[in-house]
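# Geometric and topological summary
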Amino acid sequence: MKGFEYLQQELDQMKANGTFRELIPLESKQGSRVTIKGKEVIQLSSNNYLGLTDHPRLKEAALQAIERYGAGTGSVRTIAGTLTMHEQFEHKLAKFKHTEAALVFQSGFTTNQGVLSSMLTDQDVVISDELNHASIIDGIRLTKAGRKIYKHVDMQSLEERLRESESYRTKLIVTDGVFSMDGNIAPLPEIVELAERYGALVMVDDAHASGVLGDNGRGTVNHFGLDGRVHIQVGTLSKAIGVLGGYVATTQTLKDYLIHKGRPFLFSTSHPPAVTAACEAAIDVLLEEPELIDKLWDNTKFFKQGLEQLGFDIGISKTPITPVMIGDESLTHRFSDELFKEGVFAQGIVYPTVQKGQGRVRTIVTAEHSQEALQEALHAFEKAAKTLNIL
Ligand code: PMP
């Protein structure tokens with residue numbers, strides 16, 4: 001069919017410069033070992049931090065919910081699609097996060113978009129870390145608020161932006177809790193201190209910290225002992241929680257406001273019963289099986305140490321996200337391909353997702369990996385690096 005030639009041209013350009021990416025389907029379920037292109041490999045690219053995608057309690061809860069409540073809900077939340085289980089889960093989440101209220105959205109992406117686009121007007125300003133996630137950037141693009149960017153985790157730069165913002169009604173500082181490409185943690189105590197000094201609100205996107213940092217995986221705010229001092233905590237239910245969705249844990253006022261004005265909440269159908277029931281079971285697992293989080297951190301330490309001993313540059317990570325810095329874009333992809341040959345699936349991440357010349361193979365260990373599997377992966381890293389003369 002004609003009409004898309006201009007798009008095809010751009011795709012051809014991407015193919016020519018090596019940035020065109022094929023989707024890589026898993027032929028097995030998600031887990032520490034997966035089958036790709038008929039080959040069993042060690043999975044080091046998922047966000048399934050605690051291995052909950054395949055946890056028996058989540059699967060059982062989902063199956064029972066389908067039997068009792070069906071496969072879908074048939075409506076948006078504000079018309080006929082709120083089930084008692086949706087509200088029950090939100091109460092549980094709020095209690096877990098030590099906040100007044102919580103509201104679930106269809107995904108982490110739409111949570112950021114919905115919160116940012118609805119709560120700010122042209123009287124307000126949003127001040128955002130330059131490396132925040134795309135969903136924060138898109139949410140900001142949708143507001144009429146003033147927009148200011150501060151240098152990555154640079155508190156002097158943040159303070160300058162706050163000083164320039166005194167005339168605005170609401171000043172909202174927004175940051176990722178854990179940055180997804182480098183695995184570093186935002187300096188939240190300093191951010192909160194500046195916010196309190198300048199009368200600003202703070203919003204944290206805890207996509208990579210929920211289920212990972214803090215008591216029982218309560219996130220970055222709890223990790224730093226800042227409960228009650230951060231106004232908006234966004235999280236995802238699709239990474240450590242193992243299912244799908246996003247949530248905002250906040251005040252009753254913001255929750256009520258979002259129910260009326262948060263467009264992705266208002267105009268998109270609610271989660272199927274299986275999703276909500278599995279998410280609820282996941283919170284129970286966080287509370288009752290904290291050993292999973294201990295295992296995640298043991299594995300993280302083991303793998304980071306192993307990579308460092310081999311001589312790899314693993315950047316500034318403080319979390320289970322460990323980038324193996326390569327630099328050159330095409331070498332990064334070749335290294336990832338070589339790892340695959342050696343039995344490891346670890347995707348290369350290059351410009352424009354990260355800055356030019358900062359290509360890296362991003363690894364994420366999970367609680368599900370055995371130390372034998374991680375040792376095997378380290379051998380593969382060593383072998384692939386020797387083949388390509390990286391070390
Ligand atoms: N925020 C951050 C920091 C993320 O890494 C992601 C997932 N890539 C999201 C938000 C979006 O979450 P979800 O996948 O649930 O839409």
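Reading the values: the criteria
- Residues numbered from 1 in each chain as written.
- Predicted model: local features only at pLDDT ≥ 70, side-chain atom pairs only at ≥ 80, totals over all residues.
- Heavy atoms only, no water.
- Helix = DSSP H or I, 4+ residues; strand = E, 2+ residues; numbered from the N terminus.
- Buried < 20%, exposed > 50% of the residue type's maximum accessible area, 1.4 Å probe, protein only.
- Polar contact = N/O pair within 3.5 Å; in protein donor to acceptor, adjacent residues only side chain to side chain.
- Contact = heavy atoms within 4.5 Å.
- Pairing = 2+ DSSP bridges.
- Axes fitted to C-alpha atoms, helices over the stretch in contact; angles between N-to-C directions.
- Left-handed = near helix turned anticlockwise from the far one by under 90°.
- Nonpolar A, V, L, I, M, F, W, Y, C, P; charged D, E, K, R; others polar.
- Phe/Tyr/Trp six-rings, centres within 6.5 Å; stacked < 30°, edge-to-face > 60°.
- UniProt positions renumbered as here; feature names shortened; annotations may be inferred.
- Right-handed = clockwise from strand over helix to strand, strands pointing away.
- Near = heavy atom within 4 Å.
- Areas by Shrake-Rupley, 256 points an atom, 1.4 Å probe, with all protein chains shown as cover.
- Core = buried A, V, L, I, M, F, W, Y, C linked by side-chain atoms within 4.5 Å.
- Domains from an automatic or database assignment.

This brings us to the side chain of Asn-184. Along the chain, Asn-184 turns up in the loop between β6 (171–176) and α8 (188–198). What makes Asn-184 buried here is its relative accessible area of 6%. For Asn-184, the side chain forms a polar contact with the side chain of His-152, separated by 3.0 Å. Ignoring any residue separated from it by four or fewer positions in sequence, one finds Asn-184 in contact with His-152, Val-153, Gly-177, Val-178, Phe-179, Ile-316, Ser-317 and Lys-318.

This part covers the sheet that holds strand β4 (residues 125–129). With mixed pairing, seven strands are arranged side by side in an open sheet as β3-β9-β8-β7-β6-β4-β5. With partners counted over all chains shown, the strands left at the sheet margins are β3 (101–105) and β5 (146–150), one partner each. Between one strand axis and the next, the sheet turns by 20° as a mean value, whatever way the strands run. Across four bridges, the pairing between strand β8 (residues 232–236) and strand β9 (residues 246–250) is antiparallel. For Thr-236, the partnering residue across the bridge sits in β9 and is Gly-246.

Turning our attention to the packing of helix α2 (residues 56–69) against helix α12 (residues 273–288). Running from N to C, α2 and α12 point in directions that differ by 145°, and their axes come no closer than 8 Å. Remark: the crossing between α2 and α12 carries right-handed chirality. Between α2, through Arg-57, Leu-58, Ala-61, Ala-62, Ala-65, Ile-66 and Tyr-69, and α12, the contact on the second element is made entirely by Pro-273, Ala-274, Ala-277, Ala-278, Ala-281, Ala-282, Asp-284, Val-285 and Glu-288. Tallied by class, the residues present in the contact of α2 with α12 amount to 13 nonpolar, no polar and three charged.

Attention now goes to the packing of aromatic side chains. Inspection of every chain in the model, using the stated rule, returns five aromatic pairs. Ring centres of Phe-312 and Phe-335 lie 6.1 Å apart, and the angle between their planes is 35°; this geometry places the pair in the tilted category. Of the two residues, Phe-312 is situated in the loop between α13 (291–310) and β10 (321–327) and Phe-335 in helix α14 (residues 329–341); the sequence distance between them amounts to 23 residues. Assessed through its relative accessible area of 7%, Phe-312 is described here as buried. With 5.9 Å between their ring centres and 85° between their planes, Phe-312 and Phe-381 make a pair best called edge-to-face. Linking Phe-312 in the loop between α13 and β10 with Phe-381 in helix α15 (residues 371–387), this pair joins segments that are 69 residues apart in sequence. Overall, Phe-381 belongs to the buried group, its relative accessible area being 0%.

In this numbering, the UniProt entry assigns the feature "domain: Aminotransferase class I/classII large" (unreviewed entry) to residues 40–381. Structurally, residues 40–381 is divided into 44% helix and 17% strand, and its ends, taken at the C-alpha atoms, are 16 Å apart.

Covered by surrounding structure in β5 are Gly-146, Lys-148 and Tyr-150 only, the residues Arg-147 and Ile-149 on the alternate face being uncovered. Pairing analysis gives five bridges linking β4 to β5, with the strands arranged parallel. Residue pairing for β5: Asp-129 is matched across the bridge by Tyr-150. Following the backbone out of β4, through helix α6 (residues 134–141) and into the adjacent parallel β5, one traces a crossover that is right-handed.

Moving on, we get to the site of the ligand. Lining the immediate surroundings of the ligand are 15 residues, of which Gly-108, Asp-205, Thr-236, Ser-238 and Lys-239 lie closest. A distance of 2.9 Å separates an oxygen atom of the ligand from a polar backbone atom of Phe-109. Note that a nitrogen atom of the ligand is positioned 2.5 Å from one of the side-chain N or O atoms of Asp-205. Protein contact buries 81% of the 390 Å² of open area that the ligand shows by itself.

The positions UniProt marks with the feature "modified residue: N6-(pyridoxal phosphate)lysine" (unreviewed entry) are Lys-239. With respect to the element layout, Lys-239 can be found in the loop between β8 and β9. The class for Lys-239 is buried, based on a relative accessible area of 18%. Aside from chain neighbours lying at most four places away, what touches Lys-239 is Asn-47, Asn-48, Tyr-49, Ala-207 and His-208.

With that settled, consider the nonpolar core. Ranked by internal contacts, the top residues of the largest apolar core, which has 41 residues, are Tyr-49 and Leu-50. The element best represented in this core is α12, accounting for 10 residues. For this core, the two domains that each supply at least three residues are domain 1 (20–53 + 290–388) and domain 2 (73–271). Not counting residues up to four positions away in its chain, the partners in contact with Tyr-49 are His-208, Val-212, Lys-239, Ala-240, Leu-296, Pro-320, Ile-321, Ile-364, Val-365, Thr-366 and Ala-367. If you look at the next biggest cluster of nonpolar residues, it comprises 24 residues, including Phe-312, Ile-314, Ala-377 and Phe-381.

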